[in-house]
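Results of the structural survey
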Amino acid sequence: MNVSIVNTLLEVKDLQVFFKGIKTITALSGISFSIAESETLSLVGETGCGKSVAAHAIMRLLPSEARVKGIVKFRGKNLLELSEKEMVEIRGKEIGIIFQNPSLALNPVYSIGHQLAEPLCVHKKEKKEKALFMAAGALKNMGFANTAEYIRYYPSWCSGGMNQRFLIAASTILGPALLIADEPGKGLDRKRVSELETELKKLKFKNKTALLLISHDLSFVQRLADRVAVMYAGEIVEMADSSSIFEEPLHPYSKGLLNSLPEKGFIPIPGFSPSLSNLPSGCRFYPRCSLRKRHCIENHPDLKKINGRAVRCFLYP
Ligand SMILES: Nc1ncnc2c1ncn2[C@@H]1O[C@H](COP(=O)(O)OP(=O)(O)OP(=O)(O)O)[C@@H](O)[C@H]1O
Ligand code: SF4
Ligand SMILES: [Mg+2]
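These remarks concern the structure in this document. These numbers come from a predicted model, not from an experiment.

Here is what the cut-offs are and how they apply
Residues numbered from 1 in each chain as written. Chains lettered and ligands numbered in written order. Predicted model: local features only at pLDDT ≥ 70, side-chain atom pairs only at ≥ 80, totals over all residues. Heavy atoms only, no water. Phe/Tyr/Trp six-rings, centres within 6.5 Å; stacked < 30°, edge-to-face > 60°. Buried < 20%, exposed > 50% of the residue type's maximum accessible area, 1.4 Å probe, protein only. Lys NZ or Arg CZ within 6 Å of the ring centre and 35° of its normal. Helix = DSSP H or I, 4+ residues; strand = E, 2+ residues; numbered from the N terminus. Pairing = 2+ DSSP bridges. Right-handed = clockwise from strand over helix to strand, strands pointing away. Axes fitted to C-alpha atoms, helices over the stretch in contact; angles between N-to-C directions. Contact = heavy atoms within 4.5 Å. Salt bridge = Lys/Arg side-chain N within 4 Å of Asp/Glu carboxyl O. Polar contact = N/O pair within 3.5 Å; in protein donor to acceptor, adjacent residues only side chain to side chain.

1. Digging into the packing of aromatic side chains
Summed over all chains, the structure comprises nine aromatic pairs. Centroid distance Y154 to W157: 5.3 Å. Interplanar angle 55°. Geometry classified as tilted. Judged by its relative accessible area of 29%, Y154 is partly exposed. Note on W157: relative accessible area 54%, which makes it exposed. Taken together, F144, Y150, Y153, Y154, W157 and F166 form an aromatic cluster joined through their ring pairs. Positioned above the aromatic ring of F144 is the side chain of R165, whose terminal nitrogen or guanidinium carbon lies 4.1 Å from the ring centre.

Set out below in structure tokens:
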């Protein structure tokens, strides 16, 4: 008997985010996905499709003007219903996040060593000296040679790429069960990206860390992700295991996204994403889709399951 036990760690159901202003921006229109222990799910899609908003909504880090609806269940608890005090306990300790902009995520007034050691002192009750020793070990893992020197550095003394590596060390130092990595390879050269890949794989296989990976680097995604969710204008248009997405994408947008890769000839998708304050009532990809039919203008396709994957397009009944 083949019984596979999947331990779902995170379950996002119908997550919606609106920004209220002169015009309401619908940044997320109800996305749903789950991530199991030690699984890597990647969110991909063009700029502005809602990847970072999704990451921030899960962590409850959106600004006050954001309205969030839906369910974000982590280890059975709906994070959207927890108090801020309970969320502080979860952030960093159980869910780590690597922000898209490292210089905003590091505190300029504290040394790197202090910022790495602090969570160990607060959450693990480590003594300062031991915490600094562990901080140096975390930096070594991120490829820093002279760690005793680097722990005395301040973010402003360092390049964007170095700060990105400090941030990765800081977000994984407590051994979170889930790591949300928003463009973790941004600003890193090829060698560092490959080191980062090794580090993330180590977290997955040694620590069983689950990863929500957001990246524009599709070959990095292909090497790391178990499953991929393709987003377009605030919704998921296709979700499948990584090899299916890369070898046989179904949605016309997924196909276009892959064709825009340098190795596929750099063919850009013509046109632009729709305005999130004035979304079309039919298929959101309609104006850019070469396979559109009249039906697509007036009707909004649902995300339908076919053969263990999901696609939002009328071409697939
Ligand atoms: N505080 C905010 N107020 C109003 N709109 C916002 C706010 N934050 C994000 N948005 C809008 O939400 C949409 C989704 O933004 P998001 O940052 O999630 O995109 P993204 O997919 O991460 O893009 P990128 O690949 O460039 O990082 C964008 O249109 C953005 O302008
Ligand atoms: S629903 Fe129609 S317009 Fe939308 S992606 Fe499919 S074929 Fe293209
Ligand atoms: Mg982003």
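2. A word on the pairing of strand β7 (residues 178–182)
Burial analysis of β7 places five of its five residues in the buried class, which makes it a mostly covered element. Burial along β7 is two-sided: the residues L178, I180 and D182 and L179 and A181 are all buried. Looking at chain direction, strand β6 (residues 95–98) and β7 are connected through four bridges and run parallel. Within the sheet, the bridge partner assigned to I95 lies in β7 and is L178. Looking at chain direction, β7 and strand β8 (residues 210–214) are connected through five bridges and run parallel. Following the sheet pairing, I180 is matched in β8 by L212. Taken together, β7, helix α8 (residues 190–207) and β8 form a β-α-β motif whose crossover is right-handed.

3. So, the sheet that holds strand β11 (residues 304–306)
Sheet strands line up and pair through hydrogen bonds in the backbone, either parallel or antiparallel. The strand order β6-β7-β8-β3-β9-β10-β12-β11 describes an open sheet built from eight strands, whose pairing is mixed. With one partner strand each, in any of the chains shown, β6 and β11 form the two edges of the open sheet. This sheet shows a mean twist of 20° between the axes of neighbouring strands, independent of strand direction. In this sheet, strand β12 (residues 309–311) lies alongside strand β10 (residues 235–241) in antiparallel orientation, the contact comprising two bridges. Across the sheet, M239 pairs through a bridge with A310, a residue of β12. Packing against the sheet, helix α1 (residues 51–58) makes contact with β3 (40–44), β6, β7, β8 and β9 (227–232), and its axis sits at approximately 145° to β8.

4. A short note on the pattern of salt bridges
As a working rule, side chains carrying opposite charge can pair if their charged atoms are close by. Within this structure, the stated rule accounts for 17 salt bridges. Between K93 and E89 there is a salt bridge; the shortest N-O distance is 3.6 Å. For E89, a relative accessible area of 41% puts it in the partly exposed group. Taking the shortest distance from any N to any O, the salt bridge between R312 and E235 comes out at 3.8 Å. Here E235 lies in strand β10 and R312 lies in the segment after β12, a separation of 77 residues in the sequence. A single burial state applies to R312 and to E235, both of which are buried. Here the salt bridges do not stand alone but share partners, grouping R60, E84 and R91 into one network.

5. Points about the side chain of E238
Inspection of the secondary structure assignment puts E238 in strand β10. On the accessibility criterion, E238 (0% relative accessible area) is buried. Here S254 takes part through its side chain, which lies 2.7 Å from a polar atom of the side chain of E238.

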